[in-house]
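Analysis of the macromolecular model
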Amino acid sequence: MDKLISLCKRRGFIFPGSEIYGGLANSWDYGPLGVELKNNIKKEWWKRFVHQRTDVVGIDAALLMNTKVWEASGHLKNFTDPLVECKKCHERYRADQIDVKRPCPSCGAKDTFTTAKQFNLMLKTFLGPAEEQANTVYFRPETAQSMFVNFKLVTDTMRKKLPFGIAQVGKAFRNEITPGNFIFRTREFEMMEIEYFVKPKAWEEAFNLWLSEMKQWLEHLGVDSAKIHYNEIEEGERAHYSKRTVDIEYDYPFGQKELYGLAYRTDFDLKNHMEKSGQDLQYKDPETNEKLTPHVIEPTWGVDRSVLVAMLEAYREEEAPTAAEHKHKGGEKGDDEDATDTRVVMKFPKWLAPVKVAILPLSKKEELSVIARPLYEQLTKKFVCEYDETQSIGKRYRRQDEIGTPLCVTVDFETGDDQSVTVRDRDTMRQIRVKIAELPSLVEKYFDGAEFASLGNILND
Ligand code: GAP
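Summary of the structure given here. (Residues numbered from 1 in each chain as written. Predicted model: local features only at pLDDT ≥ 70, side-chain atom pairs only at ≥ 80, totals over all residues. Heavy atoms only, no water.)

**As for the overall build of the protein**
- Counting its secondary structure elements, the protein contains 13 helices and 24 strands.
- For the protein, the proportion of its 461 residues judged to be buried stands at 51%.
- Put simply, of all contacts in the protein between residues at least 6 apart along the chain, 67% involve residues at least 24 apart.
- Surface accessibility of the protein: about 22200 Å² in total, with carbon and sulfur atoms responsible for 47%.
- Of the charged side chains in the protein, 67 are positive and 75 negative; the average position of the first set lies 2 Å away from that of the second. (Helix = DSSP H or I, 4+ residues; strand = E, 2+ residues; numbered from the N terminus. Buried < 20%, exposed > 50% of the residue type's maximum accessible area, 1.4 Å probe, protein only. Contact = heavy atoms within 4.5 Å. Areas by Shrake-Rupley, 256 points an atom, 1.4 Å probe, with all protein chains shown as cover. Lys, Arg positive; Asp, Glu negative; His and termini not counted. Charge placed at Lys NZ, Arg CZ, Asp CG, Glu CD.)

**Details of the environment of N150**
- Residue position: N150 is located in the loop between helix 5 (144-149) and helix 6 (151-158).
- Separated by 89 residues in the primary sequence, N150 and A61 have C-alpha atoms spaced 9.1 Å apart.

**Quick look at the sheet that holds strand 5 (residues 80-85)**
- One open sheet accounts for three strands, arranged 6-5-7; its pairing is antiparallel. At either margin of the open sheet sits one strand with a lone partner, and together these are strand 6 (92-94) and strand 7 (117-120). Ignoring which end each strand starts from, the neighbouring axes of this sheet average 50° apart.
- The pairing of strand 5 with strand 7 spans four bridges and is classified as antiparallel. Bridge pairing in strand 7 places P82 opposite Q118. (Pairing = 2+ DSSP bridges. Axes fitted to C-alpha atoms, helices over the stretch in contact; angles between N-to-C directions.)

**A few points about unusual backbone geometry**
- Note that the residue after L162, namely P163, is joined by a cis bond; omega there is -5°.
- Mapping P163 onto the fold places it in the loop between helix 6 and strand 10 (164-173).
- A positive phi angle is found at T266, which is not glycine, with a value near 50°.
- Note that T266 resides in strand 14 (residues 255-266).
- Taking the relative accessible area as the measure of exposure, T266 reaches 12% and is therefore buried.

**Some remarks on the packing of helix 2 (residues 32-51) against helix 9 (residues 303-314)**
- Running from N to C, helix 2 and helix 9 point in directions that differ by 115°, and their axes come no closer than 10 Å. Taken together, helix 2 and helix 9 sit at an angle that is classed as roughly perpendicular. Here helix 2 and helix 9 pass one another in a crossing that is right-handed. In this structure, helix 2 uses L37, K38, I41 and K42 to contact helix 9, whose residues at the interface are V303, D304, S306, V307 and M311. (Parallel < 35°, antiparallel > 145°, perpendicular 65-115°, else oblique. Left-handed = near helix turned anticlockwise from the far one by under 90°.)

**Notes on the site of the ligand**
- Around the ligand sit 19 residues, and of these E142, T186, E193, E258 and L259 come closest.
- E258 places a polar side-chain atom, nitrogen or oxygen, 2.6 Å from an oxygen atom of the ligand.
- L259 is positioned with one of its backbone polar atoms (N or O) 2.6 Å from an oxygen atom of the ligand.
- Within the complex, 92% of the 550 Å² of free accessible area of the ligand lies under protein.
- Listing elements by their share of the shell around the ligand, those giving two or more residues are strand 11 (188-198), strand 14 and strand 17 (295-302).
- Counting residues per element, the shell around the ligand draws most heavily on strand 14, at five residues.
- Split into classes, the residues belonging to the shell around the ligand amount to six nonpolar, four polar and nine charged. (Near = heavy atom within 4 Å. Polar contact = N/O pair within 3.5 Å; in protein donor to acceptor, adjacent residues only side chain to side chain. Nonpolar A, V, L, I, M, F, W, Y, C, P; charged D, E, K, R; others polar.)

No statement about biological role is implied by the geometric values presented.
Shown next as structure tokens:
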């Protein structure tokens, strides 16, 4: 984790929040590469589960909702964690995460914990200038409730027939007792959720469908299936609304913990909102005119945990050749001096890489930049690209490896004569020589799924 956190800061993925003021505990800011990575996850998820499906539509709702929503959903009463406090140092812990019979992890005192009391995780604020009870509102702790509250409006406007889902990607807030482990548990985070509405008898079939979709998503994200565990949550341990929950857990460096979740929420939410609001949220079957309250299967994916797991899975330290890798035509002596024997490489799947192509003129000389600059400007219209002409080529390859750029394009001293550039593959470090005119279509082919070796003759095997 320390290596990853340091790479994230050094290379512009994720920074400690408010750092120039000494930080704000457990808050993190996504930097230029982090936002690309995170957006790639959200875009791919939306494409896969909203655009490419005929049975899911999306919404984007407000973060603050009428307090009655949280009364009806049970969050004000039940969205709690058990809290204990050390009477000596006043450090607070989640009672289900520590052994209260052991000394306090913070001050070492024995037998000083209070009995557990339930602590509500809803994050409060006030609307308007008066900070009084009547103006109290809560930031949403899950995106789900806005799908339930808008259920009728979505069915009426979109004419969807059961089974169908409403999807949303957005922020949620929880006043966690013990945030930590980098972006694993924070008080402000993003989630991608689907509320999938079904006829009551069809819940099991839909549950299995979404379990399988979630498995396939993990494969697509590049996660080793051996590190994934499907944990059936027992009655009593489940959230207040759930009749069946499978937690999808991952072997993080700090232990096996939750990554995603899948829950059968029954008709709990719609029923409670109908009761509390007095509105009819039932579904009317257009063929049979039968009225019913749909049941709900809810697959939920944390965005930040997806980023964390994608980075942990992509991170590799490898032996790398030094001089052999950097034989560039007309290259200056000493090009390889800075190349080290080990390289850190982020082996992201192609679609996930924050930067797709790096354009690297071998030197800053104008005869190279007059070719390299326009190439960069052309490619950057379609792909996220970087242009880098500082330091030795070896160092620049290492930087691109560390941020996971799949392709590096080098403009060298023969490019002017043969109108060709060298393209290097991140994972194999193999290189091919291609005509500049063919480069854009070749890059496109590669990101559409073609193998690197199929694009040209390998130079350095
Ligand atoms: N609507 C269901 C729901 O909210 P959850 O398991 O409480 O379920 C959904 O949260 C997902 O959000 C989790 O699977 C996890 O990926 C992510 N998540 C939950 N709490 C988090 C936190 N404090 N920090 C970062 N991600 C969190």
